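Each chain is listed here by its residues.
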Amino acid sequence: MSDDVAQPSPSENAHLRRFHDLEEMSRAAAEWVTQLAEQAVERRGRFSLVLSGGSTPQRLYELLGTPMCHGMPWEETHLFWSDERFVPKNHPDSNYASARAAFLHRVPVPPDHVHRVPTDMPSPEHAARTYEERLRLFFLEAGASHFDLVLLGLGADGHTASLFPEHMEQQETDEAKWVKAVIAPPTRPPIRRVTLTLKALNSARRALFLVSGAEKANALTSILDRTSESRRFPATRVRPTEQLTWFADDAAFGR
Ligand code: 6PG
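Residues numbered from 1 in each chain as written. Predicted model: local features only at pLDDT ≥ 70, side-chain atom pairs only at ≥ 80, totals over all residues. Heavy atoms only, no water.

### Focus: the sheet that holds strand β8 (residues 192-196)
Alright, step 1. Taken together, the 3 strands give an open sheet; going across it, the order is β5-β8-β7, and neighbouring strands pair in antiparallel fashion. Single-partner strands in this sheet number two, and they are β5 (83-85) and β7 (179-183). Neighbour-to-neighbour, the strand axes of the sheet open up by a mean angle of 20°, direction not taken into account.
Alright, step 2. Bridge count for β7 against β8 is 5 bridges, and the pairing is antiparallel. Within β8, the residue paired with Ile 183 across the bridge is Arg 192.
Alright, step 3. Sitting on the sheet, helix α4 (residues 124-142) touches β7 and β8, and the angle it makes with β7 is about 155°. (Pairing = 2+ DSSP bridges. Helix = DSSP H or I, 4+ residues; strand = E, 2+ residues; numbered from the N terminus. Axes fitted to C-alpha atoms, helices over the stretch in contact; angles between N-to-C directions. Contact = heavy atoms within 4.5 Å.)

Structure below.
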């Protein structure tokens, strides 16, 4: 069983749940996402979900394609990505390719509800402009202004999506944009990426961070303890309109 951990929250309305390991956290996240999806469709007839990349959510994605998540309203679900590596859609580094392999090919989500970042464009800048246009059109046609849920990971350096501490100053000037092209640090290849900006991420009703592994412990505890160092972490700037939730395993708590 997970423990609801009474901890200083990274923001006023943050919730934090702790799990023994990645498997337990992923199963809880699968139930949580499914319940939220059912609620969103009941209230608004649609569930718009932003998928994060990286390895942490992969087990959650696998579970989304299993009978455990038979309640997921796939016909009314729209899928987006928080960021994408500028590689072909079938490249092993592609966040879209990872999600497709994990569950997309097993669930009845309508193909035109899968809004992947168009990495088949001539440049990351072109892909970012096109993705932003598609997002704006989606919200206009849906008469909506919010993603329902954004799933996010946490890097050991406090990055999230492809928003890195090195770019923090740039983020202020990018605020009007929803999507931008960035160059990731050389330690995080592939370096050419397209990412949602904080403005787009923070338009979401809810955000769920999934954090697993000892290598994240410094960044996670720094954020939870609101250290001065954490103020330069893009992850600290994620402020959804309704609720921020952190799921983390024991290893990510450093014990
Ligand atoms: C990406 C992700 C990135 C990821 C973190 C954590 O495209 O790589 O969007 O922000 O969530 O780097 O990655 P892991 O889950 O692999 O530790």
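### Considering the pattern of salt bridges
Working definition: two side chains of opposite charge can pair if their charged atoms are close together.
Alright, step 1. All chains considered together, the criterion is met by 10 salt bridges.
Alright, step 2. A salt bridge links Asp 83 to Arg 193, with the nearest nitrogen and oxygen atoms 3.9 Å apart. Of this pair, Asp 83 sits in strand β5 while Arg 193 sits in strand β8; the two residues are 110 residues apart in sequence, bridging distant segments of the chain.
Alright, step 3. Asp 83 sits in the buried class, given a relative accessible area of 4%.
Alright, step 4. For Arg 193, a relative accessible area of 2% translates into the label buried.
Alright, step 5. Its salt-bridge partner being Arg 205, residue Asp 148 comes within 3.3 Å of it at the nearest N-O pair. One end of the pair, Asp 148, is in the loop between α4 and β6 (149-152); the other, Arg 205, is in the loop between α6 (198-201) and β9 (206-211), and 57 residues separate them in sequence. For the pair Asp 148 and Arg 205, one class covers both residues: buried.
Alright, step 6. Sharing partners across several salt bridges, the network here consists of Glu 23, Arg 27, Arg 59 and Glu 62. (Salt bridge = Lys/Arg side-chain N within 4 Å of Asp/Glu carboxyl O. Buried < 20%, exposed > 50% of the residue type's maximum accessible area, 1.4 Å probe, protein only.)

### As for the confidence of the model for the chain
Alright, step 1. This prediction gives the chain a mean pLDDT of 93; 93% of its residues lie at or above 70.
Alright, step 2. Confidence over residues 5-11 falls short of pLDDT 50; this stretch has 16 contacts with residues more than four positions distant or in other chains. (pLDDT = per-residue confidence, 0-100.)

### Here we look at the packing of aromatic side chains
Alright, step 1. Under the criterion given, the structure shown has 11 aromatic pairs.
Alright, step 2. On the basis of an interplanar angle of 70° and a centroid distance of 5.1 Å, the ring pair of Phe 139 and Phe 147 is categorised as edge-to-face.
Alright, step 3. With a relative accessible area of 4%, Phe 139 lands in the buried category.
Alright, step 4. Judged by its relative accessible area of 1%, Phe 147 is buried.
Alright, step 5. Three or more aromatic residues link up through ring pairs in this structure, and these residues are Phe 80, Phe 138, Phe 139, Phe 147 and Trp 178.
Alright, step 6. The positively charged end of Arg 18 is found above the aromatic ring belonging to Phe 253, 5.2 Å away from the centroid. (Phe/Tyr/Trp six-rings, centres within 6.5 Å; stacked < 30°, edge-to-face > 60°. Lys NZ or Arg CZ within 6 Å of the ring centre and 35° of its normal.)

### Digging into the site of the ligand
Alright, step 1. In the vicinity of the ligand there are 16 residues, among which Thr 56, His 159, Ala 161, Arg 188 and Lys 216 approach most closely.
Alright, step 2. Asp 83 has a polar side-chain atom sitting 2.7 Å from an oxygen atom of the ligand.
Alright, step 3. The contact in question runs from an oxygen atom of the ligand to an N or O atom on the side chain of Arg 188, over 2.6 Å. (Near = heavy atom within 4 Å. Polar contact = N/O pair within 3.5 Å; in protein donor to acceptor, adjacent residues only side chain to side chain.)

### Remarks on α4
Alright, step 1. The terminal C-alpha atoms of α4, which comprises 19 residues, lie 26 Å apart, in line with the 27 Å expected from a rise of 1.5 Å per residue.
Alright, step 2. Every buried residue belonging to α4 is among Pro 124, Ala 127, Ala 128, Thr 130, Tyr 131, Glu 132, Leu 135, Phe 138 and Phe 139, and all of these are buried.
Alright, step 3. Elements in contact with the buried residues of α4: β3 (47-51), β4 (77-81), β7 and β8.
Alright, step 4. Backbone geometry just after α4 places Gly 143 at a positive phi near 60°. (Expected span 1.5 Å × (residues − 1).)

### A short note on unusual backbone geometry
Alright, step 1. A cis amide bond links Pro 189 to the next residue, Pro 190, at an omega of -5°.
Alright, step 2. Residue placement: Pro 190 occurs in the loop between β7 and β8.
Alright, step 3. The backbone phi angle of Ala 161 is positive, close to 50°, even though this residue is not glycine.
Alright, step 4. Following the sequence through the fold, Ala 161 ends up in the loop between β6 and α5 (168-173).
Alright, step 5. For Arg 226, which is not a glycine, the phi torsion comes out positive at approximately 50°.
Alright, step 6. Judged by relative accessible area, Arg 226 falls into the partly exposed class, the value being 49%.

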